[in-house]
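# Close look at the chain arrangement
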2 protein chains.
Amino acid sequence: MDRKTTQIRRHRRKVTMKYRALAGLFIAASTTLVAWAAVRGTGDLGIIIERTSGSITVVETTQHTVLGRIPGLGDLSHASAVFSRDTRYAYVFGRDGGLTKIDLLEQKISHRVIQAGNSIGGAISQDGRLIAVSNYEPGGVRVFDSETLQPVADIPAIHGAGDAVSRVVGLVDAPGNRFVFSLFDAGEIWIADFSDRDNPEILKLTGAGNQPYDALITPDGRYYIAGLFGEDGLALVDLWQPQQGIRRILPDYGRGEEKLPVYKMPHLEGWAAAGDHLFVPAVGRHEVIAINRHDWSEAQRIPVHGQPVFVMARPDGRHLWVNFALPDNDTVQVIDASTMAVVHELKPGKGVLHMEFTPRGEAVWVSVRDTDRVNVYDTGSFRQITAIDVEKPSGIFFTARAHMTGL
Amino acid sequence: MDRKTTQIRRHRRKVTMKYRALAGLFIAASTTLVAWAAVRGTGDLGIIIERTSGSITVVETTQHTVLGRIPGLGDLSHASAVFSRDTRYAYVFGRDGGLTKIDLLEQKISHRVIQAGNSIGGAISQDGRLIAVSNYEPGGVRVFDSETLQPVADIPAIHGAGDAVSRVVGLVDAPGNRFVFSLFDAGEIWIADFSDRDNPEILKLTGAGNQPYDALITPDGRYYIAGLFGEDGLALVDLWQPQQGIRRILPDYGRGEEKLPVYKMPHLEGWAAAGDHLFVPAVGRHEVIAINRHDWSEAQRIPVHGQPVFVMARPDGRHLWVNFALPDNDTVQVIDASTMAVVHELKPGKGVLHMEFTPRGEAVWVSVRDTDRVNVYDTGSFRQITAIDVEKPSGIFFTARAHMTGL
């Protein structure tokens, strides 16, 4: 090796070392930045759907701040979300069949598939390993691996003699790694048991009634109740004894003979269980209906300001917060569950679309679409704590839902 | 500058650069490691108390693994824990008056104070901003800022004519940023309202009975029920109407006239609410007692294998898991809440001290002290999923407790 080569090598080495030093420091700095951004608990996180822009806003409920905004989720009208059991990821179900997995810590889309042409909600299994989506077009339910969003199962919801596939609604998770859902076009309720993931068993219950359009499951995961679009009454399944089939309850629940104008069909996920009663929005009437949880009879009708859309129980069950369809969607009323009387009224602004309580209920976040704001209220004093700027906010979902059945 | 100096400088520079490079890479690597360790969701984390070594083991319930071990927590006999609302931090209450704040992501002690000489449990306020600890020595309740563990309030629990301070037990949080607790030496139940943190209001209810020794709050945060060491019966407070005072219920609950040998007083936090009943361990008898939630009468006595210690409801309320005092502490029985019959029995090993369900109840973790293991079971099939090595495990606490009242 001559002297020149040695010099060149030395030079190269020096330069390399210089770059290594810089690269090292750069990596250190950037990694630290990533770590700063992402090392935090995820128990107080949430997302807000920005309906018109196809984005979500990531928030935290301790200091009531926005952490970031993630675009590119497609058509988010009627969107809903569930969370991974570690509360790091949100799964957002878009109307256009898009299923998007969001990393709340890195604030980015982690996985995204277009799994159907038109879908209407989803659920995460009890063990957190499966995501199910209910579809309008092509109908049926599709099930995905929650880690990868790879397909696991396809349940076509074929009913009757031919090969017609029903639109599916009211999909919820239930204990025992089951998914329960309603067939709009078939009037059936199906229970898919994924205890053995590779060999799901499906129990098909007939006679739900005409056009089940939405459903809820009680917080203990025992009772599944579907509302009917095509007739009055509700369809009930006891998931502890599903072989007993569907029972019809509350024959007067619905639009009735008068065929009242209905400005927005009430959301059944918003049904509230509090004490001995379930509270449900009446269809087309300015009433909230209290149902006796023991015999499923109607206990009382509570007069309210307009046609209720969501009736949400504060986590302690003492108060119910109610929002309304047009033309009364600027108002929220609060009902006391024990006296069944309206005890407070708020006017957050036009377009109150959704409400979400913090996990232990000390605060409630209210989407006010037309003011582009989410108002945060203290549920004890009804005092407004703050307001957060969000573009045309609709659904609000906090990560504590990960730990609840049917949410 | 002569040539020699230049050479030395160059050499120094080279060495400096070399070290910079190494340092940079080292920082990069270590920061990345920290980031890898710490960037994760916190919804599936938990801690296990290692009673004899004064340590806790940090676990995650998705893959059922141990993430780390943190020593230096003092005397952890009878220790319990609560979690911050972001589920990043655990607050561990030691028997020696130690209050330790653990960072579950960095896996280290973040703050620690010795706040009393002998304490017996604690709670975190609804808003997550206050930690309260109930003390035996010097008695009373101390309240701390959850961020810093700086003292916020001292409630001495002075009762009667003199300045005697009562030992305090059965401390729980309740909606409305309240703490509720029982005065062992005074037979009183106090409600401290911290809605205005700087001016807490205390409501003192007398006539609880002789020596309240532990208590529970129903999951909705409405009813506080204390067990009595000095006489039979239970003390009930309706926290929606606390001014109505204390009501005595279940007059036959306790050791009775026979003064049965009691190997371990049952834990009341383990009382289980399922459907229309509360299930409580009988004192000294081989029975679990079902209480009617509507009129607080005794509904049924269920014969079990030994003297029950914890009666825990699976989150869906369908099954109750029961462990036992010596000499039967090698056994766990499972009761069906609807038939009130024992449907399964397990023998995990000697020294079954505690059980904790995963948030949605698909699995249960069982501490088996004498085998130095925590067994994990599938609650549907009762199949053992895995076992985790932990030194003399006792209490198991998962972060989803952050979102529940009274846990």
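Everything here concerns the structure above.
Residues numbered from 1 in each chain as written. Chains lettered and ligands numbered in written order. Predicted model: local features only at pLDDT ≥ 70, side-chain atom pairs only at ≥ 80, totals over all residues. Heavy atoms only, no water.

Within chain A one finds one helix and 32 strands. For chain A, the proportion of its 407 residues judged to be buried stands at 59%. Counted over contacts in chain A with a minimum sequence separation of 6, partners at least 24 positions apart contribute 41%. (Helix = DSSP H or I, 4+ residues; strand = E, 2+ residues; numbered from the N terminus. Buried < 20%, exposed > 50% of the residue type's maximum accessible area, 1.4 Å probe, protein only. Contact = heavy atoms within 4.5 Å.)

Further remarks concern the sheet that holds strand S14 (residues 188–193) of chain A. Residues and elements named next belong to chain A. Within the open sheet, the four strands sit side by side as S12-S13-S14-S15. Their pairing is antiparallel. Pairing within the sheet leaves two strands with one partner each, and these edge strands are strand S12 (168–174) and strand S15 (201–205). Each neighbouring strand pair of the sheet contributes to a mean axis angle of 20°, computed without reference to strand direction. Bridge count between S14 and S15: five bridges; the pairing is antiparallel. The residue bridging Ala 192 from the neighbouring strand is Ile 202, located in S15. (Pairing = 2+ DSSP bridges. Axes fitted to C-alpha atoms, helices over the stretch in contact; angles between N-to-C directions.)

A word on the pairing of strand S29 (residues 363–368) of chain A. Residue and element names in this part refer to chain A. S29 sits mainly inside the fold: six of its six residues count as buried. By the alternation rule, side chains of S29 split into Ala 363, Trp 365 and Ser 367 and Val 364, Val 366 and Val 368, which are all buried. For strand S28 (residues 352–357) and S29, the ladder comprises five bridges, and the chain directions are antiparallel. Looking across to S29, one finds that Phe 357 is bridged to Val 364. Once S28 ends, the chain turns through five residues before running back antiparallel as S29, passing Gly 361 with a positive phi of about 80°. Pairing geometry for S29 and strand S30 (residues 373–378), over six bridges, is antiparallel. Within the sheet, the bridge partner assigned to Val 368 lies in S30 and is Arg 373. Hairpin remark: S29 followed by S30, antiparallel, with four residues in the connecting loop; positive phi at Asp 372, about 55°.

A few words on the side chain of B:His277. Residues and elements named next belong to chain B. Looking at the element boundaries, His 277 is found in strand S21 (residues 277–281). For His 277, a relative accessible area of 19% corresponds to the buried category. The residues touching His 277, leaving out its near neighbours within four places in the chain, are Ala 272, Ala 290, Ile 291, Asn 292, Arg 293, Ala 299 and Met 340.

Let us now look at the nonpolar core. In terms of nonpolar packing, the biggest core is built from 19 residues, with B:Ile225, B:Leu234, B:Leu250, B:Tyr253, B:Ile289, B:Ile291 and B:Trp296 touching the most fellow members. When residues of this core are traced back to their parent elements, those giving at least two are strand S16 (212–217), strand S17 (223–228), strand S18 (234–238), S21 and strand S22 (287–292) of chain B. (Core = buried A, V, L, I, M, F, W, Y, C linked by side-chain atoms within 4.5 Å.)

By secondary structure assignment, the location of A:Ser394 is in strand S32 (residues 393–398). Apart from the residues lying within four places of it in its own chain, the contact partners of A:Ser394 are A:Ile49, A:Arg51, A:Leu353, A:His354 and A:Ser367.

Turning to the packing of aromatic side chains, a few remarks are in order. A full pass over the atoms with the stated rule returns 16 aromatic pairs over all chains. With 6.1 Å between their ring centres and 55° between their planes, A:Phe181 and A:Trp190 make a pair best called tilted. For the pair A:Phe181 and A:Trp190, a shared accessibility class is recorded, and that class is buried. Each residue in the set A:Trp321, A:Phe357, A:Tyr377 and A:Phe382 is aromatic and connected to the rest through ring pairs, giving one cluster. Taking the ring centre of B:Trp190 as reference, the NZ or CZ of B:Lys204 above it sits at 4.4 Å. (Phe/Tyr/Trp six-rings, centres within 6.5 Å; stacked < 30°, edge-to-face > 60°. Lys NZ or Arg CZ within 6 Å of the ring centre and 35° of its normal.)

This part takes up the environment of A:Ile47. Note on placement: A:Ile47 falls in strand S1 (residues 45–50). Ignoring sequence-local partners within four residues, the contact set of A:Ile47 consists of A:Ile56, A:Thr57, A:Val59, A:Ala81, A:Phe83, A:Ala90, A:Val92, A:Leu104, A:Gly395, A:Ile396 and A:Phe397.

In terms of burial, S12(A) is largely enclosed, as seven of its seven residues are buried. Here S12(A) folds back onto strand S13 (residues 178–183) of chain A, and the loop between the two strands holds three residues, one of which, A:Gly176, carries a positive phi near 85°.

Right, let's talk about unusual backbone geometry for a bit. In this model, A:Glu137 is joined to A:Pro138 through a cis peptide bond whose omega is 15°. Looking at where A:Pro138 falls in the secondary structure, it is placed in the loop between strand S9 (130–137) and strand S10 (141–145). One non-glycine residue, A:Gln211, adopts positive backbone phi at about 60°. Position of A:Gln211 relative to the elements: it lies in the loop between S15 and strand S16 (212–217). Positive phi outside glycine occurs at B:Leu149, with the angle close to 65°. With respect to the helices and strands, the residue B:Leu149 is situated in the loop between strand S10 (141–145) and strand S11 (151–155). On the basis of relative accessibility, which here comes to 2%, the residue B:Leu149 falls in the buried class.

Residue and element names in this part refer to chain A. Pairing in this open sheet of four strands is antiparallel, and the strands run S28-S29-S30-S31 from one edge to the other. With one partner strand each, in any of the chains shown, S28 and strand S31 (384–389) form the two edges of the open sheet. When strand polarity is set aside, the average angle formed by the axes of neighbouring strands in this sheet is 20°.

So, about the pattern of salt bridges. The final tally for this structure, using the stated rule, is 40 salt bridges over all chains. Measuring nitrogen to oxygen at the nearest pair gives 2.8 Å for the salt bridge that ties A:Arg40 to A:Asp44. A salt bridge links A:Arg360 to B:Asp173; the shortest N-O distance between them is 2.7 Å. Of this pair, A:Arg360 sits in the loop between S28 and S29 while B:Asp173 sits in strand S12 (residues 168–174), which puts the two residues in different chains. Residues A:Arg360 and B:Asp173 agree in their burial class; the two are buried. Look at the salt bridges and you will find they share partners, linking A:Glu50, A:Arg69 and A:Glu391 into a network. (Salt bridge = Lys/Arg side-chain N within 4 Å of Asp/Glu carboxyl O.)

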